[in-house]
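Structural overview
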Amino acid sequence: MLEIERLRTHFFTSRGVAPAVDDVTITIPPKSIVGVVGESGCGKSVTALSVLRLVSSPGRIVSGSIRLDGEELLTKSGSAMRAIRGDRISMIFQEPMTSLNPVYTVGRQVSEAITLHRNVSRAEARDGTVEMFRAVGIPEPEKRFKSYPHQLSGGLRQRVMIAMAMACRPELLIADEPTTALDVTTEAQILRLMKELETAFGASIMLITHNLGVVAEMCDYVYVMYAGRIMEQAGVFELFDNALHPYTSGLLGAIPRPGGGRRRLFNIEGMVPSLLGLPRGCRFSPRCERAVSRCHEEEPELRGVAGEHSVRCFLYGGEGGAVS
Ligand SMILES: Nc1ncnc2c1ncn2[C@@H]1O[C@H](COP(=O)(O)OP(=O)(O)OP(=O)(O)O)[C@@H](O)[C@H]1O
Ligand SMILES: [Mg+2]
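The following refers to the structure shown. This structure is a prediction, so every number in the text was calculated from the model and none was measured.

What about the overall build of the protein chain?
Each helix and strand counted, the protein chain has ten helices and twelve strands in total. The C-alpha radius of gyration computed for the protein chain amounts to 20 Å, which stays within 12% of the reference 20 Å derived for 324 residues, consistent with globular compactness. For the protein chain, the spread of C-alpha atoms along the principal axes amounts to about 65 × 50 × 40 Å. Split into buried and exposed, the 324 residues of the protein chain put 41% on the buried side. Sequence-distant contacts in the protein chain: of pairs separated by 6 or more residues, those separated by 24 or more amount to 60%.

Printed below as a string of structure tokens:
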């Protein structure tokens, strides 16, 4: 179980401080798939990198708490974090090339990841790797085992990354846009494997994606981010049936319809604000069709509206108190 609580990760640039992740609370219960959605630049990857403590300068985790099964990760030493990465938590990165080493074969990299974290022989790790390559749809896995990253297409490299992330059977898998580079058949295959990791091995998954179809199919619970903040959160059925925040409605309204071709997913009018010049009041107010004057002055809190559904919007008074 992962608990991210009131996390702030900011970038200290020469032009000012960019609050990329600003007071974000996300809970990923055991054996569940939790989606994080939102337009480009809203802070999804920075949230994920914060969990692994991989945010690099000028970025820094400013405050908050990140607990894995109750253990605080933010105070762990570098070596303790290295032991956790790839073992208890693994991540499928949005940019697969950044996490493969160009000078070793992909087979060696994946089997070493397995022997490093699991008590198995080299032969077993090799077999496990080939099996995993097959499971993620790599053709001729024995032959591909001996390839170097640059000898593989982007799609194959992505599959190697996914194989590496899943091979160690992590408790928590963070998947940052895991399937965007893949064709739909492979995507379906990978999503099935991720579900299996959850159901058969009891893993939890944080699934970051632009694809709301993937969210509908995979997730139990969803967080909607905008400009560093959580704007709405709810169970997946509740969110799709009863989206409250105008931003969420905008995202959902932008889902491609059958027969409509591949439309851009997100097409809400206007642009995401620069984090260095955030608007006063609600961060979405300049683009919001339903904004009233108060929205441009004050920022609403994230409030519980019903059950596990919370929203950061003045349109909904809420019966529960502020949740963060
Ligand atoms: N190295 C950096 N220096 C300065 N600011 C950064 C840096 N990396 C990220 N940011 C800031 O953090 C914000 C959030 O970035 P992040 O990568 O988390 O977005 P995202 O939601 O993952 O977007 P996408 O959907 O495009 O992957 C960016 O808008 C940017 O302002
Ligand atoms: Mg990203």
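Thoughts on the environment of F314
With respect to the element layout, F314 can be found in the segment after strand 12 (309-311). The class of F314 is buried, set by 20 C-beta atoms lying within 10 Å. When the C-alpha atoms of F314 and C295 are compared, they prove to be 7.2 Å apart, with 19 residues separating the residues in sequence. In contact with F314, other than residues within four places in its own chain, are R294, C295 and P300.

Focus: the pairing of strand 7 (residues 172-176)
On a regular strand, each side chain points to the face opposite its neighbour's, so the side chains alternate between the two faces of the sheet. The buried fraction of strand 7 amounts to five of the five residues, a majority that puts the element mostly inside the structure. Burial along strand 7 is two-sided: L172, I174 and D176 facing one way and L173 and A175 facing the other are all buried. Inspection of the sheet shows strand 6 (residues 89-92) paired to strand 7 by four bridges, in the parallel sense. The residue of strand 7 that forms the bridge with I92 is A175. In this sheet, strand 8 (residues 204-208) lies alongside strand 7 in parallel orientation, the contact comprising five bridges.

Comments concerning helix 10 (residues 246-253)
The α-helix winds at 3.6 residues per turn, so residues separated by three or four positions along the chain end up facing the same way. Here helix 10 has its buried residues at P246, Y247, T248 and L251. For helix 10, the elements touching its buried residues are strand 3 (33-37), helix 8 (212-218), strand 9 (221-226), strand 10 (229-235) and helix 9 (236-241).

Observations concerning the sheet that holds strand 8
Strands sit in the order 6-7-8-3-9-10-12-11 across an open sheet of eight strands; the sheet is mixed. Looking at strand neighbours, the two that pair on one side only are strand 6 and strand 11 (303-306), the edges of this open sheet. The mean inter-strand angle of the sheet, taken between neighbouring strand axes irrespective of direction, is 20°. Bridge count for strand 3 against strand 9 is four bridges, and the pairing is parallel. The partner of G35 across the bridge, within strand 9, is V222. Its contacts with the sheet place helix 6 (residues 154-167) against strand 6 and strand 7, and it is angled at close to 170° to strand 6.

Remarks on the packing of helix 4 (residues 122-135) against helix 6
Running from N to C, helix 4 and helix 6 point in directions that differ by 125°, and their axes come no closer than 9 Å. Taken together, the axis directions place helix 4 and helix 6 in an arrangement best described as oblique. Between helix 4 and helix 6 lies a crossing of right-handed hand. Between helix 4, through G128, T129, M132 and F133, and helix 6, the contact on the second element is made entirely by A163, M166 and A167.

Quick notes on the site of ligand 1
Around ligand 1, the surrounding shell holds 16 residues, and the nearest of these are A20, S40, G41, K44 and S45. When contributions to the shell around ligand 1 are tallied by element, the ones reaching two or more residues are strand 1 (2-13), strand 2 (16-28) and helix 1 (44-51). Looking at which element gives the most residues to the shell around ligand 1, the answer is helix 1, with three residues. By residue class, the composition of the shell around ligand 1 is seven nonpolar, eight polar and one charged.

With respect to the environment of I162
Relative to the assigned elements, I162 resides in helix 6. Sequence separation between I162 and F133 is 29 residues, and the spatial gap between their C-alpha atoms is 9.0 Å. Discounting residues that sit within four places of it in the chain, I162 has contacts with I92, V136, P178 and I190.

What counts as what
- Note on numbering: residues in each chain are counted from 1, in written sequence order.
- Chain labels run from A onward and ligand labels from 1 onward, assigned in the order the entries are written.
- In keeping with the model being predicted, local features are shown solely for residues with a pLDDT of at least 70 and side-chain atom pairs are shown and tallied solely at 80 or more, while totals for entire chains, interfaces and linings include all residues.
- In this description a helix means any DSSP run of H or I spanning at least four residues, a strand means any run of E spanning at least two, and both kinds are numbered starting from the N terminus.
- Based on C-alpha atoms, the radius of gyration is set beside the globule rule, defined as 2.2 Å times the residue count to the power 0.38.
- Between the buried cut of 20 or more and the exposed cut of 12 or fewer other C-beta atoms within 10 Å of a residue's own C-beta lies the partly exposed class, and all C-beta atoms are placed from the backbone.
- By definition, residues are in contact whenever their C-beta atoms, placed on the basis of the backbone, come within 7 Å of each other.
- At least two DSSP bridges between two strands are required for those strands to pair.
- Think of each axis as a best-fit line through the C-alpha atoms, taken over the contacting stretch in the case of a helix, with angles from 0 to 180 degrees between the N-to-C directions.
- Comment on the angle field: the value is read as roughly parallel under 35 degrees, roughly antiparallel over 145, roughly perpendicular from 65 to 115, and oblique elsewhere.
- Note: crossing handedness is left-handed where the near helix turns anticlockwise from the far helix by less than a right angle, and right-handed where it turns clockwise.
- Think of it this way: take the backbone, place a C-beta atom on it, and check whether that atom is within 6 Å of the molecule or strand, in which case the residue is near it.
- When residues are grouped by polarity, Ala, Val, Leu, Ile, Met, Phe, Trp, Tyr, Cys and Pro land in nonpolar, Asp, Glu, Lys and Arg in charged, and all others, Gly among them, in polar.

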